[in-house]
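# Fold and geometry: a report
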Amino acid sequence: MRARNPDQCGKVERARVRIHFEVFGDGAPTILLMATWSIVHSRAWKAQIPYLARHFRVVTYDGRGNGKSDRPAGASAYVTDEFVADAIAVLDATSTDRAVLVAVSLGAHHAAVLAARHPERVLGAVLIAPSAPFGPSRGHITPQHFLAELDSEDGWAKYNQHYWKRDFRGFAEFFFSQLLNEPHSTKQIEDSVGWAMETSPDTLIDTVKARFMPHEENEALYASIGCPVLVLHGDRDEVMPCEKGKIIAQLTRGEFILLEGSGHLPQCRDPALVNLAIRDFVNRLECRPRPMRTLRRGAGKRRRVLYLSSPIGLGHARRDLAIASELRALHPEMEIHWLTQHPVTRFLEGSGEAIHPASERLVNESKHIETEAGEHDLHCFQALRRMDEILVANFMLFQEVVEDGSYDLVVADESWDVDHFWHEHPELKRAPLAWFTDFVGYVPMPQGGDREAFLTADYNAEMLEHIERFPRVRDRALFVGNPEDIVPGTFGPSLPGIREWTESHFDFCGYITGFDPRELSDRAELRGRFGFGLDEKVCIVSVGGSGVGGHLLRRVLQSFPLARRKMPELRMIVVAGPRIAPQELPSVRGVEIHGYLPDLYLRQAACDLAVVQGGLTTCMELTAARVPFLYFPLHNHFEQNIHVRYRLDGYGAGRRMEYALSDPDEIAAAIVDEIGRPVNSREVESDGARRAAALLAGIL
């Protein structure tokens, strides 16, 4: 799922070549995110578009040779003049008189030529790792190197037309490993290789041959640029030395920003820094004042907390509200602003909480998860990786909120974007950070093979390195549970043990249910409150706050008539949740179907059996209430199949079932076997929220 879809898209034809463009937002001025070398297309700007389009109008286009644009044949179709003319055609087609140019690598050279030759169309230019045809070079691109049949296929010998025709993917994988040479860049490399596979080696060979043709683009042209220029260049750029960027900044009388630790594509690998640099540059061009901010006197000021609650399902909302209530008991004067998304906002609003207005501008993460799901199948780890542009967009919004809000504390309940980017760029941190999680460590699913084992270990290693380098980014790290709830094993080859490392780097507050299990001891009163008859066996079926549980609900509905034949007193209540419309489910005689129920946990505490997915919160609520339950972990979901299962086994709670192996007959038999069964699971503590609040109060 894209973090932002275009408001307008179309094609402009010039010299019989059609160029695809997209327009986002309606602010001013317009930013033209320019095409670069045809090995990628405009999706290479995916981490910039959502953020910049909230402030400005953004136009992107696929350069000739890739994406949805045409692929003309012949080297002459790919000379600089053609790319510059395409950019002007896009400006004309989108009714853009003047724009701020933002471009990377070869596209930055095209931007410089456009700014020099057509100054009336350019307000300013941001040149990222510019690839000018002069100055220092790594020497990989020469006619002799590229055109001849080489004896070697090692390293940069792959930058060769004959090799491309033999193994184009092999070249792309090598090439982007050099451009994205920062550690832990696997996702950005995968994306770039995928975009490269949308063109052909023959097209790309033409683009390189075009660079060998005579041209008049030199230092004098760059020196003639009259608009403001910003040059961004990584000091780890192994393709285009950063000294070239410094020379270009001097020639254009522009500003130079050295990005420490960055390679050749910082807009992909360090998007937060690049986005902020572009924003500040454009604001300076427009002489814009700083946004309104809140400033408070130190004496007598009210404490303000920004609380981030993960929106993937409803699991975190109840525990976060319980923590907030306990924190208010310790600091009655405190304000809490919630930055979160539907369906969590619906739950919090019903409890009278203050939702930060910026919440409406967050990209919905639950919707992304639903688009990633199959039939009771969610490859959780890969879904999180493919959520990268959404996480960037939401982090950028969070960063603005925390910069403008003068908060005393940020509480982040599994807000992975904040934890990641503040560790990547600790200079962006603006308030103390308390980090919550109920699992630690990505774990590969067996069917993922060696590749998934490598990727999960790489992601884990990045997190460990973050904590090692910047231990104070997390002012407090809290594990929702106890040490014995942590899975055994290591984070990966040559990495520490998960339990040992977590015990050294986290505080433990015990589990947080969001309610006191002792208040649910009078089951007769609860049953009477909800109209459950003494002679009824009540089974409640629910799938939480996301929309990925529809298949499970339908299969359980099929099982009801079979179970009722064996148990005539069976009563089934199905709760679709906030993201599944009840009318989308089949009607079954004798089954009640409801939408979202804010008091679902109370109804479940009063029932005789619950049937649920494998989410931790619901399963632990049932464990605390001592209700028997069947749980069906989503296939490929490492957290539900490994972390949650391990914890439930430790409590002696629930009966695990596999959706793929459970037809309606087997589900019906399990319902009859388990309903009303005495529960002897381990007791769940009732003071977790109070303990968590006390740890947070220590930061305040």
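Further up the page is the structure itself.
Right, let's walk through the structure included here. (Residues numbered from 1 in each chain as written. Predicted model: local features only at pLDDT ≥ 70, side-chain atom pairs only at ≥ 80, totals over all residues. Heavy atoms only, no water.)

### Observations regarding the overall build of the protein
Along its length, the protein carries 27 helices and 20 strands. Principal-axis analysis of the C-alpha atoms places the extent of the protein at approximately 90 × 65 × 50 Å. Within the protein, the fraction of its 700 residues that count as buried is 59%. For the protein, long-range pairs separated by at least 24 residues make up 74% of all intrachain contacts whose partners lie at least 6 apart in sequence. (Helix = DSSP H or I, 4+ residues; strand = E, 2+ residues; numbered from the N terminus. Buried < 20%, exposed > 50% of the residue type's maximum accessible area, 1.4 Å probe, protein only. Contact = heavy atoms within 4.5 Å.)

### Some points on the side chain of D320
Along the chain, the position of D320 falls in helix α13 (residues 315-330). As a buried residue without a salt bridge, D320 has its nearest oppositely charged side chain in R319, at a separation of 4.3 Å. In terms of polar contacts, D320 uses its side chain to reach the side chain of S309, at 2.5 Å. In this structure, D320 is in contact with Y307, S309, W338 and D413, ignoring residues within four places of it in sequence. (Lys, Arg positive; Asp, Glu negative; His and termini not counted. Salt bridge = Lys/Arg side-chain N within 4 Å of Asp/Glu carboxyl O. Polar contact = N/O pair within 3.5 Å; in protein donor to acceptor, adjacent residues only side chain to side chain.)

### Focus: the sheet that holds strand β9 (residues 304-309)
Strand order in the open sheet made by the six strands is β10-β9-β11-β12-β13-β14, with parallel pairing throughout. Unpaired on one side and paired on the other, β10 (335-339) and β14 (507-508) mark the two borders of the sheet. Here strand β11 (residues 409-413) pairs with strand β12 (residues 433-437) via four bridges, running parallel. Looking across to β12, one finds that D413 is bridged to F436. Of the strands in this sheet, β9, β11 and β12 touch helix α18 (residues 416-424), which is tilted by about 130 degrees from β12. (Pairing = 2+ DSSP bridges. Axes fitted to C-alpha atoms, helices over the stretch in contact; angles between N-to-C directions.)

### Re unusual backbone geometry
Following A28, the chain continues to P29 via a peptide bond in cis, the omega torsion being -5 degrees. Between H342 and the following residue, P343, the backbone shows a cis peptide bond with an omega angle of 10 degrees. Within the element layout of this structure, P343 appears in the loop between β10 and α14 (344-350). The backbone phi angle of E414 is positive, close to 55 degrees, even though this residue is not glycine. Tracing the sequence through the fold places E414 in the loop between β11 and α18. Overall, the relative accessible area of 7% leaves E414 in the buried class.

### Observations regarding the state of the cysteines
Summed over all chains, the structure comprises zero disulfides. Residue C227 stays outside any disulfide, its sulfur separated by 15 Å from that of C287, the closest cysteine. C619 provides the cysteine sulfur closest to C509, a residue in no disulfide bond, and the two sulfurs are 19 Å apart. (Disulfide = S-S within 2.5 Å.)

### Here's the deal with the packing of aromatic side chains
Using the criterion set out here, one finds 36 aromatic pairs in the structure. Residues Y159 and W164 carry aromatic rings whose centres are separated by 5.4 Å and whose planes lie at 65 degrees to one another, so their mutual orientation is edge-to-face. With a relative accessible area of 2%, Y159 lands in the buried category. Classification of W164 as buried rests on a relative accessible area of 0%. Seen from their ring centres, F439 and F638 are 5.6 Å apart, and the 75 degrees between their planes marks the pair as edge-to-face. Of the two residues, F439 is situated in the loop between β12 and α19 (449-469) and F638 in helix α25 (residues 638-651); the sequence distance between them amounts to 199 residues. Looking at F638, the relative accessible area reads 1%, which means it is buried. Put simply, the rings of W37, F146, W156, Y159, W164, F168, F171, F174, F175, F176 and F212 pair up and form one aromatic cluster. Sitting above the plane of the F174 ring, K158 keeps its charged end 5.6 Å from the centroid. (Phe/Tyr/Trp six-rings, centres within 6.5 Å; stacked < 30°, edge-to-face > 60°. Lys NZ or Arg CZ within 6 Å of the ring centre and 35° of its normal.)

### Side note on empty space enclosed by the protein
Counted by the stated rule, this structure contains five cavities of 30 Å³ or more. Every residue lining the second largest cavity is counted, 40 residues in all, and those nearest its centre are L391, H420, Y442, Y459 and E462. When residues of the lining of the second largest cavity are assigned to their parent elements, the largest contribution, six residues, is made by α19. Taken together, the residues of the lining of the second largest cavity sort by class into 19 nonpolar, nine polar and twelve charged. (1 Å grid on protein atoms, 1.4 Å probe; cavity = no way out; pocket = protein on both sides within 12 Å on 5 of 7 lines; lining within 4 Å. Points joined across faces, edges and corners; volume = space filled by probe spheres on them. Nonpolar A, V, L, I, M, F, W, Y, C, P; charged D, E, K, R; others polar.)

### A closer look at helix α7 (residues 186-196)
Most of α7 sits out of view: eight of its eleven residues are buried. Three or more residues of α7 are buried, namely T186, K187, Q188, D191, S192, V193, W195 and A196. Buried residues in α7 make contact with α6 (168-179), α11 (266-269), α16 (380-385), α17 (388-405) and α19.

### A closer look at the packing of helix α24 (residues 616-625) against α25
The geometry of α24 relative to α25 is characterised by a closest axis approach of 10 Å and an angle of 5 degrees between their N-to-C directions. As judged from the angle between their axes, α24 and α25 are roughly parallel. Where α24 abuts α25, its residues L616, C619, M620 and T623 lie against V644, R647, L648 and Y651. In terms of residue class, the contact of α24 with α25 is made up of six nonpolar, one polar and one charged. (Parallel < 35°, antiparallel > 145°, perpendicular 65-115°, else oblique.)

### Focus: the pattern of salt bridges
A complete count under the given rule lists 53 salt bridges for this structure. Taking the shortest distance from any N to any O, the salt bridge between R14 and D86 comes out at 3.0 Å. Of this pair, R14 sits in strand β1 (residues 8-14) while D86 sits in helix α2 (residues 80-93), placing them 72 residues apart in sequence. Since its relative accessible area comes to 1%, D86 is described here as buried. The salt bridge involving E674 is made with R655; its shortest N-O contact spans 3.2 Å.

### Considering the environment of T60
Within the secondary structure, T60 is located in strand β4 (residues 57-61). Residue T60 is classed as buried on the basis of its relative accessible area, which comes to 1%. Once the C-alpha coordinates of T60 and A111 are considered, the two residues, 51 residues apart in sequence, prove to be 13 Å apart. Discounting residues that sit within four places of it in the chain, T60 has contacts with H20, F21, E22, F24, L33, S42 and I49.

### With respect to α18
Looking only at α18, the buried set comprises D417, V418, D419, F421, W422 and H423. Considering only its buried residues, α18 is in contact with α12 (271-286), β9, α17, β11, β12 and α19.

### Observations concerning the sheet that holds strand β18 (residues 609-613)
An order of β17-β16-β15-β18-β19-β20 is seen for the six strands of this open sheet, with the pairing classed as parallel. Two strands lie at the open edges of the sheet, namely β17 (591-594) and β20 (655-656), each paired on one side alone. Relative to β18, strand β15 (residues 537-542) is paired through three bridges, and the arrangement is parallel. Bridge pairing links V541 to V611 in β18. Its contacts with the sheet put α25 on β18, β19 (629-632) and β20, and the angle it makes with β19 is roughly 160 degrees.

### Concerning the nonpolar core
Of all hydrophobic cores here, the largest spans 90 residues; its most connected members are W37, W164, F171, F176, F398 and W422. Excluding residues that lie within four positions of it along the chain, F176 makes contacts with I39, V40, I189, S192, V193, A196 and L265. Of all hydrophobic cores here, the second largest spans 60 residues; its members include V344, Y511, L648 and A689. (Core = buried A, V, L, I, M, F, W, Y, C linked by side-chain atoms within 4.5 Å.)

### As for the environment of V627
With respect to the helices, strands and loops of the structure, V627 is situated in the loop between α24 and β19. When its relative accessible area of 3% is taken as the criterion, V627 is described as buried. Once the C-alpha coordinates of V627 and P678 are considered, the two residues, 51 residues apart in sequence, prove to be 8.2 Å apart. If we ignore the near neighbours within four places in the chain, the residues touching V627 are Q604, A605, C607, L609, A610, L622 and V679.

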